[in-house]
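# Residue-level structure breakdown
What follows is each chain in one-letter form.
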Amino acid sequence: MYEKVFANESLIEMKEWFLTTLKEQSPTPLFLVLILMFVNWGLDAVKWRYLIQKLEKVSLWLSIKAVFLGITVSIFTPNRIGEFGGRVFCLDKADRIKAVLVTVLGNLGQLLATTVFGTLALVHYIHEYSGFLDGEADYWFFVLVFIAAILITSLIALYLNSSMLSDFFLKFKILKKYEEYSDVFSYYSMRELFNVFLLSVARYFVFTFQFYLLIRFFQVEITFLQSATMSAMTFLTMSIIPTIALTEIGVRGSVAISFFGLLSANHLGILTAAFSLWVINLVLPALLGTVLVYNLKFFRS
């Protein structure tokens, strides 16, 4: 991890830009981004505890530890799928397969938030920056808005009705023997899933604001709306591309430049902001999680 993050020769320019900027500007935005990292993962801990209580009552502190352990495990796995195992091995009594499914349900809520705001950003991006609708009648834009509205409404409706998945799985004979696990999706009411979605939206706003603070700190002169649009496009793209968290910084930087580069020629600042967000939101929590590894309960008496 140290070699990937700090000893990579390709990152020398970014480190120099970081140090130069730090000398010229107040470090207050960096401290705020660091504090927001704890808010970000704290919200995720609240969300996981809210969901997992159907299987096992856990304290907020245990939920926080489970989240950080999940990050530590997930940083070495494709698209951070190891996060599920890192969390459920903190539980004392709950069925681990059911706990994994509950964790997946929470992550789907976060993916839904990313998709909703990414879709809205895509509409704005196509209208303002792509040139795709240049010279076309306004009704094409309204058609695009209508399609986006239907997509967003459909995705939210599907998530809020996740209980239907239980009935869907039972239609297949081969899956009937797993009925006790498919029932997990029926544990939650629409109201409870909507609360999960709201917590996911709150998290989304936190790391969007973090990215904006870093973008501005590293002297990329854009407005908050522009930053929110390009951040949403970046997050949506990163949610689609299969990567391993430990090695995704190259992909993340390329994607960020593809979008933010349309608004600013300060590519080094964009790269440094993307790299800093990755370190603060993933690498630091993963390092913190390593001191909690003793909490993992691989075997139960």
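Residue numbers run consecutively from 1 along every chain, following the written order of its sequence. Where totals are concerned, whole chains, interfaces and linings use all residues; where local detail is concerned, this predicted model gives features only for residues with pLDDT of at least 70, and gives and counts side-chain atom pairs only at 80 or more. Side-chain measures were taken over the full set of non-hydrogen atoms in the model, leaving aside hydrogen atoms and water.

As a further point, take the overall build of the protein. Helix and strand definitions follow DSSP, with helices as H or I runs of at least four residues and strands as E runs of at least two, each counted in order from the N terminus. Within the protein one finds 13 helices and zero strands. Walking the protein from its N terminus toward its C terminus, one meets helices and strands in the order α-α-α-α-α-α-α-α-α-α-α-α-α. The buried share of the protein, reckoned over its 301 residues, is 46%. Here, two residues are considered to be in contact whenever any of their heavy atoms come within 4.5 Å of each other. Restricting to contacts in the protein with at least 6 residues of sequence separation, those with at least 24 account for 76%. About 15,200 Å² of surface is accessible on the protein, with carbon and sulfur atoms providing 68% of the total. The cut-offs for exposure are 20% and 50% of the maximum accessible area for each residue type, with area from a 1.4 Å probe on protein chains only; residues under the lower value are buried, those over the upper are exposed, and the others partly exposed. With residues, only the protein chains shown are counted as cover, and all accessible areas are computed by Shrake-Rupley using a 1.4 Å probe.

Time to look at the packing of helix H10 (residues 190–217) against helix H13 (residues 267–290). Here H10 crosses H13 at 135 degrees, and the two axes come no closer than 9 Å. Overall, the two elements H10 and H13 adopt an arrangement that is oblique. The crossing of H10 and H13 is right-handed. Here Phe207, Gln210, Phe211, Leu214 and Ile215 of H10 lie close against H13, whose contacting residues are Ile270, Ala273, Ala274, Ser276, Leu277, Ile280 and Asn281. Along the lines of polarity and charge, the residues of the contact of H10 with H13 split into nine nonpolar, three polar and no charged. To obtain each axis, a line is fitted to C-alpha atoms, and for helices this fit is confined to the stretch in contact; angles are then taken between N-to-C directions over 0 to 180 degrees. Comment on the angle field: the value is read as roughly parallel under 35 degrees, roughly antiparallel over 145, roughly perpendicular from 65 to 115, and oblique elsewhere. By convention the crossing between two helices is left-handed if the near helix lies anticlockwise of the far one by an angle smaller than a right angle, and right-handed if it lies clockwise. Nonpolar residues are Ala, Val, Leu, Ile, Met, Phe, Trp, Tyr, Cys and Pro. Charged residues are Asp, Glu, Lys and Arg, and all others, Gly as well, are polar.

The subject of this paragraph is the packing of aromatic side chains. Paired rings are identified among Phe, Tyr and Trp, the last through its six-membered ring, by centres lying within 6.5 Å, and are further divided according to the angle between planes into stacked (under 30 degrees), edge-to-face (over 60) and tilted (the rest). Under the definition given, this model contains 16 aromatic pairs. Here the aromatic rings of Tyr204 and Phe207 are separated by 5.5 Å at their centres, their planes lie at 70 degrees, and the arrangement is edge-to-face. With Tyr204 and Phe207 both in helix H10 and three residues apart, the pair spans about one turn of that helix. Note on accessibility: Tyr204 and Phe207 belong to one class, buried.

With 17 residues, helix H11 (residues 224–240) ought to run about 24 Å at 1.5 Å a step, and its terminal C-alpha atoms sit 24 Å apart, in line with that. Considered for burial, the residues of H11 that qualify are Ser227, Ala228, Thr229, Met230, Ser231, Ala232, Met233, Thr234, Phe235, Leu236 and Met238. Helix span is expected to be 1.5 Å times the residue number reduced by one.

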